[in-house]
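One-letter residues, chain by chain:
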Amino acid sequence: MGPAEEAAQRLAKYREQGCQRIKVAFTDVDGVLRGKYLSLDKFAKLLEGGGGWCDCVFGWDIDDALYDRPGYTGWHRGFPDARYRLQLTTERWLEDEGCPQFLAQFEAAAGETTPGGETTPGGEATPPCPRRLLSDALAALHAHGDLGLTLRCGFEYEFFVFAETAHSVRAKGYRELTPLSPGNFGYSALRTATHSELFGGLMAACEAQRVPLEGLHTETGPGVWEAALAPADGLEGADRAALFKTLAKSFFARRELLATFMAKWSMAVPGQSGHFHCSLIDPESRNRFADDQADYGMSLLQRQALAGVMRHLPQWLVMLAPSINSYTRLVPGAWAPTAATWGVENRTAAVRVIPGGAGQRLEIRVPGADSNPYLVAAAMAHAMRLGLEEGLEPPAPVIGNAYELEAGLPAAQRFPSTLREATARFAACDAARDAFGADWVAHYVQSRDWESREYERHVNDWQLERYFELI
């Protein structure tokens, strides 16, 4: 069945079901899932030639404020449409909304050839689409040598659930919030039993939208949960992660509850991670990270991929830690790494090697829950590819507490401690421009520089409490 015939069958099925609309969505640079409803007539036109979306969605920040410097878009370009196509394989049925949802991917500029060899139509500039960035990274990885490698990945997210609403948290100024449950109840059988309807309901909702969870449990802290998403190959793993956050937020909002995926919402509680599990598989679905005869079960390919991650993590940290808030989590003793280190089953290191035959993998423990899964996966795919291409070898693994070794590590191996510093390192990195493209790096640097400047020009509670009366 060809694409046109498949599309026609979908359209006929929706009409038979009495469905009146579809939903199209995509993640912006900050990882926010933005979307809209479209009529079935409009859907039919999109299937024929794609659609257009005002390119301001790549020219404003998380609060819909326009960046103040010319870049990919802005007043100087008049905010034309950026071209996109529906990704039909991403279809999910939204039971509560009575319609299907598709993810969109923005196209290459006119005349530009994608890694897959297809020349696509488009505007004057290539939209800085996170999903397309990952698609290009996966194509480059697949093209390495003659191995035909595919990234297999899964995400883990920690998030806090509050007995609050979007209105109540604003009325309280985001202070003195009531968690869903009090106390430190990590892996609590009591809390999961007490709120079994919520736990079971969220797992069922995820399964219905093809975002299956391998596990769901409480973590240490008042009202904090952790969800382990089932892994998948290629774009599907990141798609699931991008959809999960909005799915979870809407699930709780419908029940007069609220979930946050900030990296750290309060200095009095633990941070929230977005750990990234990954391996590389070949066309026969064999895990190329596994070698039963090698130390820790690590194949040569896994060692080289790990070495690439070790080399590029400090320079590309801003792709995994994208917000001002990200860096309140990346501090010693907070179950989050502070330098490019690795160890076998060592949760104090930046990368944890998990032995296990077919399950042999890397756990990248750097990203917070606030990270954009497409950017995390794209950065790690490129880093692993460069490790393979250059035949790199990793340093010795950490034995014991990785935090104790940080002072003796070279400065280049230690992580930046602020968004501004991380952005500056990324901007100065030639390897980043080679991997992601100069236009993407320029756009992302502009967006993170704006985020830093917006923070720096505001008076916060800490400043008021420290200086208002005493200074």
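Residues numbered from 1 in each chain as written. Predicted model: local features only at pLDDT ≥ 70, side-chain atom pairs only at ≥ 80, totals over all residues. Heavy atoms only, no water.

S.K.: I keep staring at the overall build of the protein and nothing clicks. Help me out?
M.R.: When helices and strands are counted, the protein shows 14 helices and 14 strands. Against the 2.2 N^0.38 benchmark of 23 Å for 471 residues, the protein shows a C-alpha radius of gyration of 22 Å, consistent with a compact globule. Dimensions of the protein, computed from C-alpha atoms along their principal axes, come out at roughly 60 × 55 × 50 Å. Once local pairs closer than 6 in sequence are excluded, the contacts in the protein between residues at least 24 apart make up 68%. In the form shown here, the protein has an accessible surface area of approximately 20800 Å², with 52% of it arising from carbon and sulfur atoms. Counting 46 positive and 60 negative side-chain charges, the protein places the averaged centre of each group 2 Å from the other. (Helix = DSSP H or I, 4+ residues; strand = E, 2+ residues; numbered from the N terminus. Rg over C-alpha atoms; globule rule 2.2 N^0.38 Å. Contact = heavy atoms within 4.5 Å. Areas by Shrake-Rupley, 256 points an atom, 1.4 Å probe, with all protein chains shown as cover. Lys, Arg positive; Asp, Glu negative; His and termini not counted. Charge placed at Lys NZ, Arg CZ, Asp CG, Glu CD.)

S.K.: Can you walk me through the layout of surface pockets in this structure?
M.R.: Summary: where empty space remains is shown by rolling a probe the size of a single water molecule over the atoms. The volume enclosed by the second largest pocket comes to roughly 860 Å³. Along the walls of the second largest pocket sit 44 residues, with Glu156, Glu226, His275, His277 and Glu363 positioned nearest its centre. Elements supplying a minimum of two residues to the lining of the second largest pocket: strand S6 (150-162), strand S7 (213-218), strand S8 (224-229), strand S11 (276-281), strand S13 (351-354) and strand S14 (361-364). Here the element with the most residues in the lining of the second largest pocket is S6; it accounts for seven residues. Considered class by class, the residues forming the lining of the second largest pocket number 17 nonpolar, 14 polar and 13 charged. (1 Å grid on protein atoms, 1.4 Å probe; cavity = no way out; pocket = protein on both sides within 12 Å on 5 of 7 lines; lining within 4 Å. Points joined across faces, edges and corners; volume = space filled by probe spheres on them. Nonpolar A, V, L, I, M, F, W, Y, C, P; charged D, E, K, R; others polar.)

S.K.: In this structure, what is going on with the environment of proline 80? I would like to understand it.
M.R.: Tracing the backbone shows proline 80 in the loop between strand S3 (51-54) and strand S4 (81-94). For the pair proline 80 and tryptophan 53, spaced 27 residues apart in sequence, the C-alpha to C-alpha distance is 8.2 Å. Non-local contacts of proline 80, meaning those with residues more than four positions away in its chain, are made with Trp53, Cys54 and Asp55.

S.K.: I would appreciate a short explanation of the side chain of arginine 131 in the present structure.
M.R.: Its location among the elements puts arginine 131 in helix H3 (residues 130-142). In this structure arginine 131 comes out as buried when scored by relative accessible area, which is 5%. In terms of polar contacts, arginine 131 uses its side chain to reach the side chain of glutamine 105, at 2.6 Å. In this structure, arginine 131 is in contact with Gln87, Thr90, Leu103, Ala104, Gln105, Leu235, Asp239 and Tyr374, ignoring residues within four places of it in sequence. (Buried < 20%, exposed > 50% of the residue type's maximum accessible area, 1.4 Å probe, protein only. Polar contact = N/O pair within 3.5 Å; in protein donor to acceptor, adjacent residues only side chain to side chain.)

S.K.: Which parts of the structure should I look at to understand the sheet that holds strand S5 (residues 99-106)?
M.R.: Whether parallel or antiparallel, the strands of a sheet pair through hydrogen bonds between backbone atoms. On the basis of which strands lie adjacent, the open sheet formed by five strands has the order S2-S1-S5-S4-S3 and mixed pairing. Only two strands of the sheet have a single partner each, and these edge strands are strand S2 (33-39) and S3. Averaged over all pairs of adjacent strands, the angle between their axes in this sheet comes to 40°, without regard to strand direction. (Pairing = 2+ DSSP bridges. Axes fitted to C-alpha atoms, helices over the stretch in contact; angles between N-to-C directions.)

S.K.: Honestly, the pattern of salt bridges in this entry has me stumped. Any pointers?
M.R.: A side chain of one charge can pair with a side chain of the opposite charge when the charged atoms of the two come close. For the structure shown, the criterion picks out 34 salt bridges. Ionic pairing is found between aspartate 96 and arginine 254, a salt bridge with its closest N-O pair at 3.2 Å. Taken together, the residues aspartate 96 in the loop between S4 and S5 and arginine 254 in the loop between helix H7 (235-253) and strand S10 (258-260) connect sequence positions 158 residues apart. With a closest N to O distance of 2.8 Å, glutamate 390 and arginine 311 form a salt bridge. Placement of glutamate 390 in the loop between helix H10 (373-389) and helix H11 (419-427) and of arginine 311 in helix H8 (residues 300-312) is noted, with a sequence separation of 79 residues between them. Look at glutamate 390 and you get partly exposed, because its relative accessible area is 42%. Among the charged side chains, a network of salt bridges with common partners joins Asp68, Arg69, Arg420, Asp449, Arg453 and Glu456. (Salt bridge = Lys/Arg side-chain N within 4 Å of Asp/Glu carboxyl O.)

S.K.: Before we go on, may I ask you to explain the pairing of S13 in this structure?
M.R.: Within a regular beta strand, the side chains point alternately toward one face of the sheet and then the other, so they alternate between its two faces. Every second residue of S13 is oriented toward a common face, with Val351 and Val353 on one face and Arg352 and Ile354 on the other, all of them buried. The sheet contact formed by strand S12 (residues 342-344) and S13 spans three bridges and is parallel. Of the residues in S13, the one forming a bridge with tryptophan 342 is valine 351. Here S13 pairs with S14 via four bridges, running antiparallel.

S.K.: I would appreciate a short explanation of the side chain of serine 452 in the present structure.
M.R.: Summarising the element assignment, serine 452 is placed in helix H13 (residues 438-456). The buried category is assigned to serine 452, whose relative accessible area is 2%. Residues within four places of serine 452 in sequence aside, it is in contact with Ile324, Leu419 and Arg420.

S.K.: Would you explain the packing of aromatic side chains in this entry?
M.R.: The geometry of two aromatic rings is summed up by the distance between their centres and the angle between their planes. The tally for this structure, following the rule as stated, stands at 32 aromatic pairs. Judged by centre distance (6.0 Å) and plane angle (85°), the rings of phenylalanine 426 and tyrosine 444 are edge-to-face. One end of the pair, phenylalanine 426, is in helix H11; the other, tyrosine 444, is in helix H13, and 18 residues separate them in sequence. No difference in accessibility class separates phenylalanine 426 from tyrosine 444, as the two residues are buried. (Phe/Tyr/Trp six-rings, centres within 6.5 Å; stacked < 30°, edge-to-face > 60°.)

S.K.: Just to check I follow, could you spell out empty space enclosed by the protein for this structure?
M.R.: Overall, the coordinates contain three cavities of 30 Å³ or more when judged by the stated rule. Lining of the largest cavity is provided by Pro337, Thr338, Ala339, Thr341, Thr348, Ala350, Ala402, Tyr403, Glu406 and Leu409. Of the residues that constitute the lining of the largest cavity, the class distribution is six nonpolar, three polar and one charged.

S.K.: Help me understand the environment of proline 130, please; the structure alone is not making it clear to me.
M.R.: Its location among the elements puts proline 130 in helix H3. C-alpha separation for the pair proline 130 and threonine 260, spaced 130 residues apart in sequence, amounts to 22 Å. The contact partners of proline 130, leaving out residues within four places of it in the chain, are Thr27, Asp28, Val29, Phe58, Asn372, Tyr374 and Leu375.

S.K.: Looking at this structure, how should I read the pairing of S14?
M.R.: Two strands pair when backbone bridges link them, and S11 and S14 are joined in this way by three bridges, in the antiparallel orientation. When the sheet's bridge partners are listed, cysteine 278 is paired in S14 with leucine 362. Counted along the chain from S13 to the antiparallel partner S14, the turn is six residues long, and its residue glycine 356 has a positive phi close to 155°.

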